Amino acid sequence: MSEEKTESMPESIVENSCTYTENVMGELFGRLMRKRLIGVGLFWFVIVGMFVLLAFKGSSNWMANLSMAIVSVVLIIQLVNLPKKQAKTVTRKYKNLYNCDQEDMSIFYEDHIYATNLSSKAELELTYDKIKCMIKTKNLYAITLKSKSLMLLDRHNFTKGTEEDFLNLMQSKNILIK
């Protein structure tokens, strides 16, 4: 009976294993926050410039302006480090819970995707119409779902098929790749 079930199972096209290390999560958060960081960073750059200019233009309150410029520089540094801090927090919470890094196995079939978290044993099965878009980074593919969650794939760890096979599959399903 188990042989019949195995025979009727569709063949997977692509399989991928992704371990959510601190570096992986840092890359993800950095990419997802890039536009926001640029906008806020430019805003703070203008603010710092104004305070520095006022401090050295002979303003009567130059000490306050210089202090505000220093505080603004510290805030910019904190903002730039935010993705790294978030990555560290997320990976630390997961390690505390499961005593290991999160590792997902994603299996892509012609009509659906099956993903499992190898540590928590959580499973997800979805069809391609549930995908909002896919974001490509240096080492990852982040598949954003309409349910506001995401799946990560390691671009260098396809255990069946190739990255090209994966991209062809996603393009055949009309998935927007950013």
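Our structure's up above, just so we're on the same page.
A brief report on the enclosed structure follows.

Conventions we followed
- Residues numbered from 1 in each chain as written.
- Predicted model: local features only at pLDDT ≥ 70, side-chain atom pairs only at ≥ 80, totals over all residues.
- Heavy atoms only, no water.
- Core = buried A, V, L, I, M, F, W, Y, C linked by side-chain atoms within 4.5 Å.
- Buried < 20%, exposed > 50% of the residue type's maximum accessible area, 1.4 Å probe, protein only.
- Helix = DSSP H or I, 4+ residues; strand = E, 2+ residues; numbered from the N terminus.
- Contact = heavy atoms within 4.5 Å.
- Arc of directions from axis to C-beta.

Next up on the list: the nonpolar core. Counting 19 residues, the largest nonpolar core has Phe-108, Ile-131, Met-134, Ile-143, Phe-166 and Met-170 as its most contacted members. Within the residue set of this core, elements represented by two or more residues are strand S3 (113-117), strand S5 (131-136), strand S6 (140-145), strand S7 (150-154) and helix H4 (163-172). Once you skip the residues sitting within four places of it in the chain, Ile-131 turns out to touch Ile-113, Leu-126, Ile-143, Thr-144, Leu-145, Lys-146, Met-170 and Ile-175. One finds Cys-18, Tyr-20, Phe-29 and Ala-142 within the second-largest nonpolar core, a separate group that totals 11 residues.

This part takes up H4. For H4, the complete set of buried residues consists of Phe-166, Leu-167, Leu-169 and Met-170. The buried residues of H4 occupy an angular sector of 160° when projected down its axis, which confines them to one face. Packing partners of the buried residues in H4 comprise strand S1 (14-20), strand S2 (102-108), S5, S6, S7 and strand S8 (158-160). The positive-phi residue at the C-terminal boundary of H4 is Asn-174, with phi of around 60°.

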